[in-house]
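# Remarks on the overall topology
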Amino acid sequence: MDLNNRLSGNELQKNLSGQPGFGNFNTQHPQKWEDPSIIDYSMRIEPPFRGFNQVKVGQDGLVNELRPTNKIQEWDPSAMLSSFSFLEQKIHQLRDLVHLIVGRRGQVLGRPDELVTQQQQLITADLTSIIVQLISTAGSLLPYVKSTHSAAPPSMGQFGQLGGAVFPSIPGLNGGIQLQNTSGSKVSNQPNQNDVSANCGSEQNHNNEEHDLKEEEDAEEGENLPPGSYEILQPEKEEILAPHTHFCTICGKGFKRDANLRMHMRGHGDEYKTPAALAKPHKESSSEPTLIKRYSCPCTGCKRNKDHKKFQPLKTILCVKNHYKRTHCDKSYTCSRCNTKRFSVVADLKTHEKHCGKDKWLCSCGTTFSRKDKLFGHIALFQGHTPAIASEETKAQVGPFERREGNQVTNKVGSMNFNFSPNASSESGVQNIMNVKGNIDDPTTYFSPLNFDNLGGFNDFPRPPFDDSESSFGFLLPGSCNYNQKSAADDSNNLA
Amino acid sequence: MSSRSSKDLLSFTEDLLTRVYEKLGSESDRKSWRLVCREFLRVDSLTRNHLRVLRVEFLQSLPGKYPRLQSLDLSVCPCIDDGTFSLLLNRHASGSESGSLSWFSWARGLKRLTLSRAAGLGFMGLEALVHACPSLESVDVSYCCGFGDREAAALSNAARLRVLKMDKCLNVSDVGLAKIVVRCGKLERLSLKWCMEISDLGVDLLCKKCLDLKFLDISYLKVTNESLRTIATLQKLEVLAMVGCPLVDDVGLQFLENGCPLLQGIDVSRCECVSSSGLISVIKGHGSLRELNASYILSELCTTFLHCIKGLKHLEMIRIDGSRIAEPSFSVISNYCKSLVEIGLCKCVGVTNMGIMQLASGCITLRVLNLTCCGSITDAAISAIAESCRNLVCLKLESCNMITEKSLYQLGSFCSVLEEIDLTDCCGVNDKGLEYMSNCSGLKCLKLGICTNVSDKGLFSIGSNCPKIHELDLYCCSGIGDEGLGALSMGCKNLMKLNLSYCNEITDRGMEYISCLEELSDLEMRGLEKVTGTGLAAIAAGCKRLADLDLKHCVKVNDSGFWALACYAKNLRQINLSYCPISDMALCLVMGNLTRLQDAKLVHLSNVSVDGFELALRACSFRIKKVKLFAPLRFLLSSEILENLHARGCKIRWD
């Protein structure tokens, strides 16, 4: 709570006097991150999902969002009340500030943009704190707080702080843009939102690429820690599925890793370039001995769940994420080359796509191998098995492309998209939008032409999945889209 | 044939006639037999088990006439493609219901199939063919350069396959080989020469699946020592040929030391990385080795290697071409390798008279001796060989310049069974020498290229005394004239292969003599500047069996000759017309009319226009397999014809 107070009160003043006050905010961030408490951790991650939903539901204003939370309130009402009053106060402040800016706009017409950006940042920060507060308030309602076993349940304030430190951004940015436009209308709001979420999606993918897939859940299979020698953390589903854990306090961009965020921050000013700002936040755990942390899958009945008889803990939070997605989520990423293999973790899809198609070694029994020597080992072992002749299949697949290559420019574009592995960023980009808009009944409303123009603007935005292209892409890019469908049909013919 | 009257012969029973028929050696004799009477023809039909089809038209009806047919050779038949077989098989399949089972009756018994150079054949035709011939045991698809994995897969349906030759099937990879080895587990002989796509993996699988393998040729493959490691596990392997395997070294050969217990022959020639130590390990492990080819890998015949050779009591053939050999080595070989039948010393440094004399003293069973480019040997050495090696059949003395008629005298006197002698570029050979040589009445192959001292007189002696000769090389024998050819045509009626290139004195009259050689199938007459169209016309009309004709630089031959060629030389399969003054029309006629033509070299035809080429190629595009053209034509000819040629498996060489 004190953090938010500071944000709202102190920093507003600082900003008004022309000093960027985000340094403060930022310096606190690492400390919070290092907080060893289990619940803190899970809480930290948990809220943004709610946040997302709420932002979506209440497009017309942040204040509205408070109401639904109020209704379902059943946890520490007094704390919640106080937080609401804070929020109210805060929103009032912000409204005043915006009024002030609107009023001044006429006067400062000829002035350089510095002031405008400062104002923007200011508003962003305020909104951020509002949302953080909101999230933490909402988070306090979550049922698992009750069930979580913990030696020391943290106070609400702690929640708020942590949430604030970690999740300020996406809605914040949205709000910022909205206010900057000064219209604040819903029409302009939607595309923006899409834009941001798409951004998040692609960002996530980049991060995923960096991720070390080797941190498999199976990696620590052999580990045999005596029960009780470690503490078990069980992140919530929503936390696991949240795309990011680190957000830029200025622009709201999300990151999977703190280091990436620090790198990103350099772009916001020289003060982030100091060795201190760039340094890896030190673990203070050295002073006080901490238990080894192990993770539990939130799915009951799963072997990785702490209630399971033969519970096998997961080593890191990343292991949890990958395990959860692989085991308990839909395999929503389909390889666009083979159209058969499906994955729930983007990185898995990427790994697959590296090998998909180009070196498929197929046995007559239907088993496929990534390496020729493996196939031959298999054939040597099993009586009567022979290698399936790849040339027929590949020729059939390659053939159409070769023929088309000389056709038209549009076709060429299409074929390029088709040939290159549609980097998962696209799909996940779309995917993310879908996730974010999950509660909207008719997704097509969101795939407005404008949205797709925006998305198409990304350099690495590749071919959309077929379903989408049929519904909303058809009229946009007739040439390439037709092509896509055609080639898909060709493919199926060839395979048949 | 026999001097009896035909009535007596006809009274013979069928089985007696069959036994007589089986004694016939050559194809022409069998042809004469068939022409005697119906009864003889019937015996021929019932007895014959091998058929070499020359024309695709005959393929429809011919095989059905021979109920005992076991072997079908389609290697020289044009238009062997999927369409041919689909037509053939479908026709007979539908015809079978109406009582004509001809196709299946002969196809079912077929055991050997030669499809060498059948480049137009695809996997579908092959599959149908293999399906129709369930008892197939031996298939030769060598030089079908376009053959790939799918063709190999089609072949693999012949589960009884024991012999497979797939030299230069360039596109067959490990996958194709795997198909074959898995399904044809009974393979005994396999040649993978020049199947460049095959790697260790394929060979490894082969050695795991085909345990009955007796003969394996992996020449020129990019396989490594790993392949030899698995080859060493083959318990029945008798012969291993691995010419020019650049990645195999002594370590690989060491695997063989303790493997392949039945190994009798190994060819490691031109394996760059193999040295004598690798060979020694092979020899140590296999005391019963019969054949050893170590050409072009030994820089020097070292003493340890010789020591090992001593142990090879059964060695019959050794080739150490291109090595340096010291004189004492010969005595070792002659003292220990008593059963040697063949020695190859081609281009060996250090081969002396003394050495050869020592060799001759010990190896009296020698039948084949190759002394090509051993320039320092003289008559003394040859005399020693002639005196001790009375069974000598083949002697190669190319570029042995010190040889004179004295050697030939010795050979003619002692080596009565000599069949083949190569005297190319031996300037000491003269008419007198040939006269001595003609004492070897069994001579079949005589090579006298660049023996400029030979004249008509020498040919007289050959012509009058060597009736069995079937190959004669007179390349650049500028002393030869028409009269010599006259003598040849009188005496050597069996001549099949004749090289007259650059014998500049030969005129149309000489060609007329040649035209009497009915067996002649291969004639090279490059640069005969005095021969005109009349001479060529005589050849075309007379030599009915002519299959391969080289007319390069025959600048005086005019269209009348080519017209005659187009009309009469119906068996012509390969032709070289480069630098000939042939016209558009004549070229089209030659290419279109000669229905067996499959290989043509057509460069530097100054009188032929682009349209002429286009038409000529169009006329033969459905059957030509290989054509050499002037490089700029690549851009002048229509892409349609080039694609058409390519699609039918024709290989175009641009010059």
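In this text the structure is predicted, and so the values were computed from the model without any measurement.

### Notes on the overall build of chain A
The secondary structure content of chain A amounts to 23 helices and eight strands. Among the 496 residues that make up chain A, the fraction classed as buried is 47%. Restricting the contact set of chain A to residue pairs at least 6 apart, pairs at least 24 apart contribute 66%. Here chain A has roughly 24600 Å² of accessible surface; of this, 53% comes from carbon and sulfur atoms.

### What about the nonpolar core?
Ile-231, Leu-240, Leu-345, Leu-371, Leu-474 and Phe-562 of chain B are the most contacted members of the largest nonpolar core, which has 214 residues in total. For Leu-474 of chain B, the residues in contact, after removing those within four places along its chain, are Leu-448, Leu-459, Ile-480, Leu-488, Leu-498, Asn-499, Leu-500, Ser-501 and Cys-503 of chain B. One finds Phe-84, Phe-86, Ile-123 and Leu-134 of chain A within the second-largest nonpolar core, a separate group that totals 13 residues.

### Structural notes on the interface of chain B and chain A
Interface size is often expressed as the accessible area that is lost when the parts come together. Taken together, the contact pairs 15 residues of chain B with 17 residues of chain A. In terms of surface lost to chain A, no three residues of chain B exceed Arg-150, Val-175 and Leu-201 of chain B, which account for 41% of the buried area on that side. Counting across the chain B and chain A interface gives one salt bridge. For Lys-372 of chain A, the salt bridge identified is with Asp-174 of chain B, shortest N-O distance 2.7 Å. Listing elements by their share of the side of chain B that touches chain A, those giving two or more residues are α9 (149–155), α10 (174–183) and α11 (200–209) of chain B. Take the side of chain B that touches chain A: its biggest share by element is six residues, from α10 of chain B. Across the side of chain B that touches chain A, the residue classes tally to six nonpolar, two polar and seven charged.

### Quick notes on the packing of helix α26 (residues 584–593) of chain B against helix α27 (residues 610–620) of chain B
Residue and element names in this part refer to chain B. Running from amino to carboxyl end, α26 crosses α27 at an angle of 10°, the nearest separation of the two axes being 8 Å. As far as their axial angle goes, α27 and α26 are roughly parallel. The chirality of how α26 crosses α27 is right-handed. Residues Asp-584, Leu-587, Cys-588, Met-591 and Gly-592 of α26 lie in contact with α27, whose contacting residues are Gly-612, Phe-613, Leu-615, Ala-616, Ala-619 and Cys-620.

### A short note on the UniProt feature "domain: C2H2-type" (unreviewed entry) in chain A
The positions UniProt marks with the feature "domain: C2H2-type" (unreviewed entry) are residues 246–273 of chain A. Between the end C-alpha atoms of residues 246–273 of chain A there is a gap of 18 Å, over a span that is 29% helix and 14% strand.

Parameters at a glance
- Residues numbered from 1 in each chain as written.
- Chains lettered and ligands numbered in written order.
- Predicted model: local features only at pLDDT ≥ 70, side-chain atom pairs only at ≥ 80, totals over all residues.
- Heavy atoms only, no water.
- Helix = DSSP H or I, 4+ residues; strand = E, 2+ residues; numbered from the N terminus.
- Buried < 20%, exposed > 50% of the residue type's maximum accessible area, 1.4 Å probe, protein only.
- Contact = heavy atoms within 4.5 Å.
- Areas by Shrake-Rupley, 256 points an atom, 1.4 Å probe, with all protein chains shown as cover.
- Core = buried A, V, L, I, M, F, W, Y, C linked by side-chain atoms within 4.5 Å.
- Buried area = accessible area lost by both parts, 1.4 Å probe.
- Salt bridge = Lys/Arg side-chain N within 4 Å of Asp/Glu carboxyl O.
- Nonpolar A, V, L, I, M, F, W, Y, C, P; charged D, E, K, R; others polar.
- Axes fitted to C-alpha atoms, helices over the stretch in contact; angles between N-to-C directions.
- Parallel < 35°, antiparallel > 145°, perpendicular 65-115°, else oblique.
- Left-handed = near helix turned anticlockwise from the far one by under 90°.
- UniProt positions renumbered as here; feature names shortened; annotations may be inferred.

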